[in-house]
Each structure stands twice: as C-alpha cells, then as structure tokens.
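Geometric and topological summary
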Amino acid sequence: LLGAGTCYQQAKRVLHAAVPDRLYARERETGVIRQFLREHVCGHRPGSLYVSGAPGTGKTACVSRVLLDCKDELSGIKTIVLNCMSLSSPQGVFPAVAQQLGLPTVAGREGVRRLEKQLTAQGPMVLLVLDELDQLESKGQDVLYTLFEWPRLPGSRLVLVGLANALDLTDRSLARLGARPAGSPRLLHFPPYTREQLTAILQERLGQVAGDPVLDAAALQFCARKVSAVSGDARKALDVCRRAIEVVELEVRSQTLLQPLPGGE
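- Per an unreviewed UniProt entry, the recorded name for the protein chain is CDC6 protein, and the organism is Pandion haliaetus.
- Heading Sequence similarities (unreviewed entry) of the UniProt record for the protein chain holds this comment: "Belongs to the CDC6/cdc18 family."

Listed below in structure tokens is the structure:
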C-alpha cells in the first residue's frame with residue numbers, strides 16, 4: 001500500500017498548475033513573447049504587448065516561463081510583475097509601480113506625473129508585467145490609457161506587457177490608441193486548448209510518475225473532451241484529474257482499514 005500511496009501523492013503533485021519546464025502546444029506564443037522582450041527590452045525600444053485569452057489557456061505560465069528562461073538577458077533591467085487582482089482599485093496601480101521603483105508614493109495626478117518623469121529619465125529599461133489587466137478597467141478608461149501611453153512618451157524606457165481574459169479589451173477600452181497604429185500594443189491571443197492538446201498535457205504530466213498509469217487513458221480522454229467542450233481550460237482539466245485521484249485514494253484507504261489482519265479472526 002505504501003507504494004500505491006506514494007504514487008497517488010506523486011500524481012497529485014504533477015497535476016498542480018505550476019509553471020512546467022516546457023509548455024505543450026504553446027511554442028508559438030512562447031516564441032512571440034521571447035522575441036518581443038528581446039526586441040524591446042534588450043533592444044532598448046519602448047513598446048507594449050497585450051496578451052489575451054480565457055482563463056487556463058497558459059498566458060501567465062508562458063510569460064513566467066519566458067521570464068525565467070531569459071533571466072540572464074534581463075539581468076540589467078528593472079522587472080516589475082504585478083497581479084492587478086491584489087489592488088484595491090484601478091488607480092492603485094500607480095502607487096504600486098512607484099513603490100517598486102523606489103519612489104515615494106504620491107496620490108492622484110501628481111503621483112502619475114512623477115512616475116512619467118521617472119520613466120522618461122535616463123536609465124536602464126523598465127519591464128512592467130501586469131497580470132489580470134481587466135481589473136484596471138475604470139470609468140473613462142483613464143488608468144489603462146495612461147499605462148499604454150507611457151511607452152509612447154518621448155524618451156520612454158518602459159516596456160509594458162499586459163495579460164487579460166478579455167479578447168476585446170483593446171477594442172473596447174483602448175480604441176483611441178488604435179488611432180496611432182505605430183504606438184498601439186502588439187496583440188497576442190491564446191486560443192482555448194483543444195481536446196487533443198488537453199489529453200497530451202495530462203499524459204505528459206502523469207508520465208512523470210513511475211509505475212503503472214494512475215489514471216486510465218480512457219478517463220483522461222473523457223476529461224479532456226468534457227473540459228474542451230466547455231472552456232479549454234488546462235487548469236480545470238488538471239483539477240478534475242487531481243480530484244479523481246483523491247477519490248480513489250480515499251477508497252483505497254478505507255478498504256485497507258476494513259481488511260482483517262492476516263491470521264486474525
């Protein structure tokens with residue numbers, strides 16, 4: 001039983017939504033992000049990238065993977081990664097960035113002005129990654145406009161990468177930016193995972209566990225088919241399989257507890 005118990009533990013571990021070494025079916029997207037960072041951050045060219053896609057399509061994982069892989073190349077620059085879910089209001093992004101840059105946090109318009117002054121002064125490039133960008137939608141979209149305008153200011157040293165679930169955030173909220181195509185954000189969309197891709201992701205993860213397969217191939221296919229039909233969310237597929245293993249684990253444990261001891265009555 002110890003062997004079975006450990007293989008369940010291992011299986012649950014590999015099914016966690018951590019950042020894997022290689023993101024299956026996201027080679028193109030990873031390449032685009034890597035190329036963008038090399039071109040703009042390493043090439044000292046301010047610019048912005050807007051990454052869209054439904055939850056669980058690999059946006060955050062891909063950006064995290066590229067940041068890890070390009071750590072040496074990005075060593076001379078200031079990298080700021082913020083999850084906008086953690087902000088109490090859209091305007092809260094400005095003091096949060098100021099704090100990361102070591103500036104005193106000043107509220108309101110004056111705080112934004114100081115940030116702009118800092119980001120257009122001489123110095124190394126600044127890479128600002130904003131996850132859950134949808135949270136910054138505000139009345140009049142002033143917050144998003146201000147942020148996406150920063151890389152276009154004369155003398156700017158900012159490279160902005162924004163990640164959002166909404167595909168049309170730039171159409172809806174940043175239409176005015178499109179009026180000047182030269183400075184509008186580069187767009188990168190992550191499509192939902194297909195049934196085949198989800199199956200391969202699950203097989204690849206569970207293939208890391210030694211011994212017999214913990215979950216039947218037909219069960220993986222069934223899970224992938226159901227999840228792809230609804231959302232194509234890889235996190236959901238990993239979650240469903242993890243829960244299935246937990247159920248089996250509990251059943252095995254209860255059976256073992258009920259078995260009579262060898263040589264007993």
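What to know about the packing of aromatic side chains
- By the definition in use, this model includes one aromatic pair.
- Lying across the ring of Y193, R26 places its NZ or CZ 4.1 Å from the centre.

Here we look at helix α2 (residues 27–42)
- The end-to-end C-alpha distance of α2, which contains 16 residues, comes to 21 Å, matching closely the 22 Å that a straight helix rising 1.5 Å per residue would cover.
- Buried within α2 we find E29, T30, V32, I33, F36, L37, H40 and V41. In a view along the axis of α2, the buried residues occupy a sector of 160°, so they form one face of it.
- In this structure, the buried side of α2 is in contact with β1 (47–53), α3 (59–69), β3 (126–131), β4 (158–164) and β5 (186–190).
- Where α2 terminates, the next one or two residues include H44, which has phi positive at roughly 55°.

Let's talk about helix α4 (residues 93–100)
- Within the span of α4, buried status applies to V93, F94, A96, V97 and A98.
- Tucked into the core, α4 has its buried residues touching β2 (78–83), α5 (108–119), β3 and α6 (142–149).
- Directly beyond the C-terminal end of α4, a positive phi value near 75° is found at G102.

As for the environment of A219
- By the secondary structure assignment, A219 is in helix α9 (residues 217–230).
- Judged by relative accessible area, A219 falls into the partly exposed class, the value being 36%.
- Separated by 20 residues in sequence, A219 and T199 place their C-alpha atoms 9.8 Å apart.

A closer look at the environment of Q10
- When you line up the elements, Q10 lands in helix α1 (residues 2–14).
- Accessibility expressed as a relative area gives 31% for Q10, which makes it partly exposed.
- Sequence-wise, Q10 and V214 are 204 residues apart; in three dimensions their C-alpha atoms are separated by 9.9 Å.

Some words on the sheet that holds β3
- Taken in spatial order, the five strands make up an open sheet running β2-β3-β4-β1-β5, and their pairing is parallel. One side of each edge strand has no neighbouring strand; the edge strands of this open sheet are β2 and β5. Each strand of the sheet is rotated relative to its neighbour by a mean of 15°, with strand direction disregarded.
- Pairing between β1 and β5: five bridges, direction parallel. When the sheet's bridge partners are listed, S52 is paired in β5 with H189.
- On top of the sheet, α6 reaches β1, β3 and β4; it is set at about 140° to β4, its chief contact.

Some thoughts on the pattern of salt bridges
- Tallying each qualifying case throughout the model produces 17 salt bridges.
- Ionic pairing is found between R65 and D69, a salt bridge with its closest N-O pair at 3.0 Å. Of this pair, R65 and D69 both sit in helix α3, four residues apart, roughly one helical turn.
- Judged by relative accessible area, R65 falls into the buried class, the value being 12%.
- Of the charged contacts, one joins R114 and E110 as a salt bridge, the two residues approaching to 3.2 Å between their closest N and O atoms. Of the two residues, R114 and E110 both sit in helix α5, four residues apart, roughly one turn of that helix.

Cut-offs and rules
Residues numbered from 1 in each chain as written. Predicted model: local features only at pLDDT ≥ 70, side-chain atom pairs only at ≥ 80, totals over all residues. Heavy atoms only, no water. UniProt positions renumbered as here; feature names shortened; annotations may be inferred. Phe/Tyr/Trp six-rings, centres within 6.5 Å; stacked < 30°, edge-to-face > 60°. Lys NZ or Arg CZ within 6 Å of the ring centre and 35° of its normal. Helix = DSSP H or I, 4+ residues; strand = E, 2+ residues; numbered from the N terminus. Expected span 1.5 Å × (residues − 1). Buried < 20%, exposed > 50% of the residue type's maximum accessible area, 1.4 Å probe, protein only. Arc of directions from axis to C-beta. Contact = heavy atoms within 4.5 Å. Pairing = 2+ DSSP bridges. Axes fitted to C-alpha atoms, helices over the stretch in contact; angles between N-to-C directions. Salt bridge = Lys/Arg side-chain N within 4 Å of Asp/Glu carboxyl O.

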